[in-house]
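Here is how the chains run, residue by residue.
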Amino acid sequence: LRKKFNLSEKDSKDQQYIIVNIKGSSIALEVYGVDEIKNVENHMVHKVPSIINNGKTDYFDKIINLDGRLVVIINIDFLLTREEMKNVEDLIKND
């Protein structure tokens, strides 16, 4: 994800993984920790403004106003492009 969002690399000794299901395939996302886990009420969740969703950012699903901070909810099914998903499927088939 760091590469996808053009973020700098971090020291790999702190890495952990979140296992997600994307279109029927289990994929591990490398993370460097979780800051918070919050219960969110429906009235806190809002649609992402159309100016933000431009075809390349379809994975931005909703936003949450959390104590004055905007938190983006990512729709995991749209996180990978078709090409990236095909590469994952090819890796799984070749394993």
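The structure we're discussing is the one just above.
Residues numbered from 1 in each chain as written. Predicted model: local features only at pLDDT ≥ 70, side-chain atom pairs only at ≥ 80, totals over all residues. Heavy atoms only, no water.

Asker: In this structure, what is going on with unusual backbone geometry? I would like to understand it.
Answerer: Phi at aspartate 67 takes a positive value of approximately 55°, unusual for a residue other than glycine. Note that aspartate 67 resides in the loop between strand E4 (60-66) and strand E5 (69-74). For aspartate 67, a relative accessible area of 68% translates into the label exposed. (Helix = DSSP H or I, 4+ residues; strand = E, 2+ residues; numbered from the N terminus. Buried < 20%, exposed > 50% of the residue type's maximum accessible area, 1.4 Å probe, protein only.)

Asker: Looking at this structure, how should I read the environment of methionine 44?
Answerer: Counting through the fold element by element, methionine 44 comes out in the loop between strand E2 (25-31) and strand E3 (45-47). Spatially, the C-alpha atom of methionine 44 lies 21 Å from that of valine 34, the residues being 10 residues apart in sequence. Here methionine 44 is in contact with Ile63, Ile64, Asn65 and Leu66, once residues within four sequence places are set aside. (Contact = heavy atoms within 4.5 Å.)

Asker: For this particular structure, what's the right way to read the pairing of E4?
Answerer: Remember that side chains alternate between the two faces of the sheet whenever the strand is regular. Where E3 meets E4, three bridges bridge the pair, whose relative direction is antiparallel. Within the sheet, the bridge partner assigned to lysine 47 lies in E4 and is lysine 62. Examined bridge by bridge, E4 and E5 share six bridges and lie antiparallel to one another. Bridge assignment links leucine 66 to a residue of E5, and that residue is arginine 69. (Pairing = 2+ DSSP bridges.)

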